[in-house]
Amino acid sequence: MTAPALYEIETSEGDDGTMYPAEQVWTPCDGTADHGFIAHQGLFVAGIDGGADDDLYPVGFLVLGHQRWADIIEAAAAYMARTHGWRNLHLYPGDDPSVLIPRIPRAIHTHGVFLRHPHPDHACACEWDTTWRMVWAPATEPGAVPITAMRHPAAPATAAGIPNPDEGAPATWAA
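Worth saying up front: this structure is predicted, and the values here are computed from it rather than measured.

**Brief notes about the overall build of the chain**
Okay, so step 1: Helix and strand counts for the chain come out as one helix and 10 strands.
Okay, so step 2: Counting helices and strands in the order they occur from the N terminus, the chain gives β-β-β-β-β-β-α-β-β-β-β.
Okay, so step 3: Expressed as a percentage of its 175 residues, the buried residues of the chain come to 39%.
Okay, so step 4: In the chain, the proportion of contacts linking residues at least 24 apart, taken out of those at least 6 apart, comes to 63%.
Okay, so step 5: Accessible surface, the chain as shown: approximately 9700 Å² in total, 53% of it carbon and sulfur.

Listed below in C-alpha cells is the structure:
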C-alpha cells in the first residue's frame, strides 16, 4: 500500500461524462521563461504571491535546484529589478525607505511539485488557462523537483507559507 499523494491534479468532466485531467505536472525543462521564471547567472528564479488578491509584489522567491543562500539573494534582487523595476530587496516599490528592514530571511532547500493548468490535451478555456501552481512536497513525491525558497524581506513571516525546517517541514536551511 502506498501513501496518498500530497497534491491532487484537478479534473473536469467531459460532455460524455468522462473525467479528464485539467492540470498536468510541469517540469522545469518545459520552458521556464514562459512560466514566470527569469534567468539570472544560470539560475531560474520566480516570485511567488501569498494567495491574497491584493498582492502587487512577490512575498517570496523560488529558484530551481538547491542553491547557496547568497545566490538566492542576488537572484531575488535581479527578479525584483527586471520584473518590478526595483533593485532594493529590503523594500517593496513605493515603501518608505526610512523603515528599511535590516535582515534578509534565510533561504531553505526543499522540493515542490509544479502543476500547470490546463492539461494540453484537454483545454478548458477558463480563467486559469496557462497558469501554474506550486505545492510543497517531500523529495519522494512523484514529479517533485528541488527548489530553494526565500521569503521577501518586506513580507510578513507567514505570508509565503514557505516550509520551516525548525518546525519539521521537509526542508533544510540553505548554506
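**Examining the environment of Phe114**
Okay, so step 1: Following the sequence through the fold, Phe114 ends up in strand β7 (residues 108-117).
Okay, so step 2: On the basis of relative accessible area, Phe114 is assigned to the buried category, the value being 0%.
Okay, so step 3: For Phe114 and Val145, which are 31 residues apart along the polypeptide, the C-alpha to C-alpha distance reads 8.3 Å.
Okay, so step 4: Each residue touching Phe114, except ones within four places of it in the same chain, is listed here: Gln24, Val25, Trp26, Phe37, Leu62, Leu64, Trp132, Arg133, Met134, Val145 and Ile147.

**Regarding the pattern of salt bridges**
Okay, so step 1: Taken as a whole, this structure holds one salt bridge when the rule is applied.
Okay, so step 2: In this structure, Arg68 and Asp71 form a salt bridge, with 3.2 Å as the shortest nitrogen-oxygen distance.
Okay, so step 3: By relative accessible area, Arg68 is classed as exposed at 52%.
Okay, so step 4: For Asp71, a relative accessible area of 24% corresponds to the partly exposed category.

**Here we look at unusual backbone geometry**
Okay, so step 1: Residue Gln41 is not a glycine yet carries a positive backbone phi of 50°.
Okay, so step 2: Considering the arrangement of structural elements, one finds Gln41 in the loop between β4 (38-40) and β5 (43-48).
Okay, so step 3: Given a relative accessible area of 64%, Gln41 falls into the exposed group.

**Quick word on the packing of aromatic side chains**
Okay, so step 1: If you walk through the whole model with that rule in mind, you get two aromatic pairs.
Okay, so step 2: Pairing Phe37 with Phe114 gives two aromatic rings, centres 6.2 Å apart and planes at 65°, and the pair type is edge-to-face. Of this pair, Phe37 sits in the loop between β3 (24-26) and β4 while Phe114 sits in strand β7, placing them 77 residues apart in sequence.
Okay, so step 3: Taking 6.1 Å as the distance between ring centres and 70° as the angle between the ring planes, the aromatic pair formed by Phe61 and Tyr79 counts as edge-to-face. Highlighted residues: Phe61 in strand β6 (residues 60-64) and Tyr79 in helix α1 (residues 69-84), separated in sequence by 18 residues.
Okay, so step 4: For Phe61, a relative accessible area of 0% translates into the label buried.

**Side note on the nonpolar core**
Okay, so step 1: In this structure, Val45, Phe61, Leu62, Phe114, Ile147 and Met150 are the most contacted members of the largest nonpolar core, which totals 32 residues.
Okay, so step 2: Broken down by secondary-structure element, the contributors of at least two residues to this core are β5, β6, α1, β7 and β9 (145-151).
Okay, so step 3: Per-element accounting of this core gives the leading share, five residues, to α1.
Okay, so step 4: Membership of the second largest hydrophobic core comes to six residues, among which are Tyr7, Val113, Leu115 and Ala137.

**What to know about the environment of Ala76**
Okay, so step 1: Along the chain, Ala76 falls in helix α1.
Okay, so step 2: On the accessibility criterion, Ala76 (0% relative accessible area) is buried.
Okay, so step 3: If we ignore the near neighbours within four places in the chain, the residues touching Ala76 are Val45, Phe61, Leu89 and Met150.

**Observations regarding the pairing of β5**
Okay, so step 1: In this structure, β4 lies alongside β5, joined through three bridges in antiparallel fashion. Considered in β5, the bridge of His40 is made with Leu43.
Okay, so step 2: Here β4 hands over to β5 after two residues, with Gln41 in that stretch at a positive phi of 50°.
Okay, so step 3: As paired elements, β5 and β6 share four bridges and run antiparallel to each other. Among the inter-strand pairings, Gly47 is bridged to a residue of β6, identified as Phe61.

What counts as what
- Residues numbered from 1 in each chain as written.
- Predicted model: local features only at pLDDT ≥ 70, side-chain atom pairs only at ≥ 80, totals over all residues.
- Heavy atoms only, no water.
- Helix = DSSP H or I, 4+ residues; strand = E, 2+ residues; numbered from the N terminus.
- Buried < 20%, exposed > 50% of the residue type's maximum accessible area, 1.4 Å probe, protein only.
- Contact = heavy atoms within 4.5 Å.
- Areas by Shrake-Rupley, 256 points an atom, 1.4 Å probe, with all protein chains shown as cover.
- Salt bridge = Lys/Arg side-chain N within 4 Å of Asp/Glu carboxyl O.
- Phe/Tyr/Trp six-rings, centres within 6.5 Å; stacked < 30°, edge-to-face > 60°.
- Core = buried A, V, L, I, M, F, W, Y, C linked by side-chain atoms within 4.5 Å.
- Pairing = 2+ DSSP bridges.

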